[in-house]
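Letter by letter, the chains look like this.
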Amino acid sequence: MVNNVVQDKVGHTEFGLYLALYAFGFLFLALSDMGINQYSTKTLAAQPPLLKKMFPSMFSLKVVLSMVYPFFMVGAGWLVGYEGRELYFLFILCLVHGILQINFFFRANFQAFQKFRFDAFASVLDRLLMLGIVCALLFTKIDLESYIWAYLASAGVTMIVLYIFMLRIFGFIRPRWDVAAMRQLLKMSFPFAVITVLYSINDKVDQVMLERLLGDAGKHETGLYGGAYRWVDTVMMYLWTVLPIFFAKFAFHVREKGELSKLLAFGQPIAALPMLFAGVFGIIYGDKLLFLFKNSSPEELATMAMCLKILFISVLVNGLFAIYSTLLTSTGHERFVSWMIGGSILVNVGLNAIFIPYYGAIAAAYTTLLSFSLLSVSYIWYIQFKLDVKIPYTILGKLLLVGSLFGFAFWGISMTSLPWWLVSGVSGLILLGLSYFAGLFSLKNRGA
């Protein structure tokens, strides 16, 4: 919400520049990670004693990658036409990306050793710090530059705090520059690096293409799209908090097919139900989420509202099927996931290139929905025919039925004269009731 206030104050065009630069840096995020984070979680969850052997080389390599990455991105930005102030902002934002990747590395170790309370705290610390700094700036004077520096400060302080946590949990482990060990590490983590690259492109290519394809109007259109997409990122934080736990659990039980099936059945409603509520709310009342854009024209608000409603259908799809991707990447099937994401990117980029010049942000929203849907179908197909893990079709069917009934109930109540907040509250109770009677809260789901 605070970010929406900032965007409203600095303007869609100015904030659109920030979103485009952030997205451009995100496209090459794997260069500051090289798959080490996911590899660390997967390997240490299955073999905890390897920590003291692996951590010195992993940590040293992470720090070096994160330091080199911003300089590489400035060169890449210059090649695509950014200059001056744009390159300055790009450098700071990529420095933020690099620090965040170190923070995610610390969290990967928390997850691998099942320290989920530490991980949960780490997942919100930088955001809380950012919230406090930006609120303070709003009471004085805020512009795009101070906002970006606030982002850097919150990430840096979080890194220091998480490193102290690492020392308290695991003790001091001296970093070590071992070329042979790092070469082997990069070889083993490479499949995860590929997935990181592909996920980054699939997630942010829309905003980069909007800014690059639409000329002078690109930054403004990117700002409108980002104003809607930010709510998708906000809602997806739930999955980003929950799914890493299941990633670590899947990796821990990688050789126990029966336990994997139980975990998948158990996690399906946990991941899906909150996203069902958020998705339907966004589709019906998406315009209510734009209340902070007080300086936007009716046309700008209409564009953002339409994008938001389309993107919240993607939220529904992700809520139902993202856990299947987590299962695949944590159990040694990264190559298939990489191929599928690569195909999704081709579809996404191809359709964006055709339709963005004509329909702008609306086209980007539709292509995002299509690419997510194609990925979800591919995950289900692969698990069904290639893995000895049972897809919880009964639970999935119940979720689809409950979601449909809930959606119709929410829509029907919204047609009354009741205020939107009361409609949402009543509908939320209906979702809980339907889920209870469908048995989605039952621990027996672990055996479904």
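Residues numbered from 1 in each chain as written. Predicted model: local features only at pLDDT ≥ 70, side-chain atom pairs only at ≥ 80, totals over all residues. Heavy atoms only, no water.

Caption draft 1: Structural context of the nonpolar core. The biggest cluster of nonpolar side chains holds 119 residues, and the ones touching the most others in it are Tyr-18, Tyr-225 and Tyr-324. The dominant element in this core, judged by the number of residues it contributes, is helix H11 (residues 298–330), at 17 residues. When residues no more than four places from it in sequence are discounted, the contact partners of Tyr-324 are Leu-264, Gln-268, Tyr-379, Ile-380, Ile-383, Ile-391, Pro-392 and Leu-396. Ile-36, Phe-55, Ile-102 and Phe-105 belong to the second-largest nonpolar core, a separate cluster that totals 20 residues. (Core = buried A, V, L, I, M, F, W, Y, C linked by side-chain atoms within 4.5 Å. Buried < 20%, exposed > 50% of the residue type's maximum accessible area, 1.4 Å probe, protein only. Helix = DSSP H or I, 4+ residues; strand = E, 2+ residues; numbered from the N terminus. Contact = heavy atoms within 4.5 Å.)

Caption draft 2: Structural detail: the packing of H11 against helix H13 (residues 361–386). In contact at an axis separation of 9 Å, H11 and H13 are set at 20° when each is read in the N-to-C sense. When the axes of H11 and H13 are compared, the pair comes out roughly parallel. Here H11 and H13 pass one another in a crossing that is left-handed. Of the residues belonging to the contact of H11 with H13, the class tally is 20 nonpolar, 7 polar and no charged. (Axes fitted to C-alpha atoms, helices over the stretch in contact; angles between N-to-C directions. Parallel < 35°, antiparallel > 145°, perpendicular 65-115°, else oblique. Left-handed = near helix turned anticlockwise from the far one by under 90°. Nonpolar A, V, L, I, M, F, W, Y, C, P; charged D, E, K, R; others polar.)

Caption draft 3: Examining the environment of Val-389 more closely. If you trace the backbone, Val-389 turns up in the loop between H13 and helix H14 (393–414). Sequence separation of Val-389 and Leu-327 is 62 residues, and the distance between their C-alpha atoms is 9.8 Å. Excluding residues that lie within four positions of it along the chain, Val-389 makes contacts with Lys-257, Leu-260, Ser-261, Leu-264, Leu-327 and Ile-383.

Caption draft 4: Spatial organisation of the environment of Tyr-82. Inspection of the secondary structure assignment puts Tyr-82 in the loop between helix H4 (51–79) and helix H5 (85–112). Those residues in contact with Tyr-82 that lie beyond four places of it in its chain are Ala-20, Leu-21, Phe-24, Gly-77, Leu-87, Glu-211 and Arg-212.

Caption draft 5: Quick peek at helix H7 (residues 144–170). Taking 1.5 Å as the rise per residue, H7 with 27 residues should run 39 Å; its terminal C-alpha atoms sit 39 Å apart, in good agreement. At the exit of H7 stands Gly-171, carrying a positive phi of roughly 80°. (Expected span 1.5 Å × (residues − 1).)

Caption draft 6: Summary view of the packing of helix H2 (residues 12–27) against H5. The geometry of H2 relative to H5 is characterised by a closest axis approach of 9 Å and an angle of 50° between their N-to-C directions. Classified by the interaxial angle, the pair formed by H2 and H5 is oblique. When you trace H2 past H5, the crossing you get is right-handed. Note on element contacts: H5 touches H2 through Arg-85, Glu-86, Phe-89, Leu-90, Leu-93, Cys-94 and His-97, opposite Glu-14, Leu-17, Tyr-18, Leu-21, Tyr-22, Phe-24, Gly-25 and Phe-26. For the contact of H2 with H5, the residue count by class is 10 nonpolar, 2 polar and 3 charged.

Caption draft 7: Molecular detail of the side chain of Ser-414. Residue position: Ser-414 is located in helix H14. What makes Ser-414 buried here is its relative accessible area of 14%. Among all residues touching Ser-414, those that are not within four sequence positions of it are Ile-284, Tyr-285 and Val-423.

Caption draft 8: Spatial organisation of the confidence of the model for the protein. Of the residues in the protein, 92% have a pLDDT of 70 or more, and the chain-wide mean is 82. Across the protein, helix H15 (residues 420–437) holds the top mean pLDDT of 93, while helix H1 (residues 2–10) sits lowest at 69. (pLDDT = per-residue confidence, 0-100.)

Caption draft 9: Structural context of the packing of aromatic side chains. Counted according to the given criterion, the structure contains 25 aromatic pairs. With 6.2 Å between their ring centres and 20° between their planes, Tyr-22 and Tyr-151 make a pair best called stacked. Placement of Tyr-22 in helix H2 and of Tyr-151 in helix H7 is noted, with a sequence separation of 129 residues between them. Classification of Tyr-22 as buried rests on a relative accessible area of 16%. (Phe/Tyr/Trp six-rings, centres within 6.5 Å; stacked < 30°, edge-to-face > 60°.)

Caption draft 10: Spotlight on helix H6 (residues 116–138). Over its 23 residues, H6 extends 34 Å from the first C-alpha to the last, a length consistent with the 33 Å expected when each residue adds 1.5 Å. The axis of H6 is deflected most strongly, by about 30°, at Leu-125. Taken together, the buried positions of H6 are occupied by Phe-116, Asp-119, Ala-122, Ser-123, Leu-125, Asp-126, Met-130, Val-134 and Leu-137. (Bend = angle between axes of the 7 residues up to and from the residue.)

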